[in-house]
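# Geometric and topological summary
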Amino acid sequence: MLSGISIAWYTAFLSITSVHSTGEPLYATPSTACLIGCCVFRAWNVFCPGRQAIAHDRAFPAGGATDITARTLQDALARILKQPVVLENRGGAGGSIGMAEVARAPADGLTIGVATLSTHGVNPAVYSKLPYHPTKDFVGVTEIVKAPGVIVVNPKALPVKDFADLVKYLKANPGKVSYATPGNGTIGHMWGELFKSSTGTSMVHIPYRGAGPAINDVLAGQVAVYFDQVASSLPHINSGKVKALAVSWPQRLDVLPDVPTYGELGHAANNDPSWFGLVAPAGTPTAAVDRIQQAVAQALQEPDVRERLARQGLYPSGTTPKAFTTQIAREIDKMKGVAAFAKVSLD
């Protein structure tokens, strides 16, 4: 069986092909395959003259929300920009590997990366050393989507009726309830610690090796509480296997109309959702940044794109470069505060 690295090389070498203007196929060279195997949105001058590819790096593995967001936009952006858009995955180290590739890429407007609350919020807060600087090495392009968060409980493991009941129980039983997350330093971990900070409660963090094992143990009743994105918890909420107590969103969600927001419950600091956006290497020309931002904004207005994102619990935004750059700085400050409270350091 091929190892993870071998699969990346194998897939890249076989699938990345293009055509010279002469019509002859041009296959990926070994050096290109190696670069793709590490994974980012990068451009190669292998298309017809004047139609270089815009490469789009996703710093997380295929199949996740980051990957879904990028793939949903791929065809629309290629059509709007009249340029091929090449997707590459460079997963690992909480997205740090992929972001480092974007930071090192030429600032020519042909390489952009998918930034997340993890890569440009949590990672700078929990790692003192990263292979990239979250603000100096990038220019913000746009926020693409927001992803609401949710706190759920297994009603059989912890029969609380609502958010207030949970807080009351936790205060009466400090340190006796555990909450699960996909791992140390993940967004779920930060959401859990933010909850403890804002409610003045105490729970034991149980980090898992990924979201799958975490939610499985919550469903089995091994752990009572879980902090997650709505998109991945919604099937379990609808089945009644877990109970949603609050969502991080400005208003109640259409898919969960009976679940209050953190803001309604008096915890506005917890009301910020997760998000996915685009960044480019520092020094990328303003004209190129603006062109990509405008293309994303146009794509996000297409009914098919909006519908595909909504099915995944993702809500289109499409902010300006200035607004997204400001947002990143604000998220870093917020997550540093949460990490300091929880004494989370992953060095």
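The structure under discussion appears in the preceding block.
In this report, we go over the structure that sits alongside the text. (Residues numbered from 1 in each chain as written. Predicted model: local features only at pLDDT ≥ 70, side-chain atom pairs only at ≥ 80, totals over all residues. Heavy atoms only, no water.)

Let's shift gears to the pattern of salt bridges. Taken as a whole and judged by the stated rule, the model has 7 salt bridges. With a closest N to O distance of 2.9 Å, E264 and R252 form a salt bridge. With E264 in the loop between β11 (243-248) and β12 (274-281) and R252 in the loop between β11 and β12, this residue pair connects regions lying 12 residues apart in the sequence. In this structure R252 comes out as partly exposed when scored by relative accessible area, which is 37%. Here K334 makes a salt bridge to D272, at a shortest N to O gap of 2.8 Å. Here K334 is found in helix α12 (residues 321-342), whereas its partner D272 is found in the loop between β11 and β12, with 62 residues between them in sequence. Overall, K334 belongs to the partly exposed group, its relative accessible area being 22%. By relative accessible area, D272 is classed as partly exposed at 35%. (Salt bridge = Lys/Arg side-chain N within 4 Å of Asp/Glu carboxyl O. Helix = DSSP H or I, 4+ residues; strand = E, 2+ residues; numbered from the N terminus. Buried < 20%, exposed > 50% of the residue type's maximum accessible area, 1.4 Å probe, protein only.)

Moving on: the sheet that holds strand β8 (residues 178-181). Taking strand neighbours across the sheet as the criterion, the 5 strands line up as β9-β8-β10-β7-β11 in an open arrangement whose pairing is mixed. Only two strands of the sheet have a single neighbouring strand rather than two, namely β9 (204-207) and β11. Each adjacent strand pair in this sheet contributes to an overall mean axis angle of 25°, direction not counted. Inspection of the sheet shows strand β7 (residues 149-153) paired to β11 by 5 bridges, in the antiparallel sense. Residue pairing in the sheet places G149 in a bridge with S248 of β11. (Pairing = 2+ DSSP bridges. Axes fitted to C-alpha atoms, helices over the stretch in contact; angles between N-to-C directions.)

A few words now on α12. Taking 1.5 Å of rise per residue, 22 residues should cover 32 Å, and α12 covers 32 Å from first to last C-alpha, within 8% of that figure. Those residues of α12 that are buried are in contact with α5 (118-126), β6 (138-147), α7 (187-199), β12 and α10 (286-299). Positive phi shows up at K343, right after α12, with a value of about 55°. (Expected span 1.5 Å × (residues − 1). Contact = heavy atoms within 4.5 Å.)

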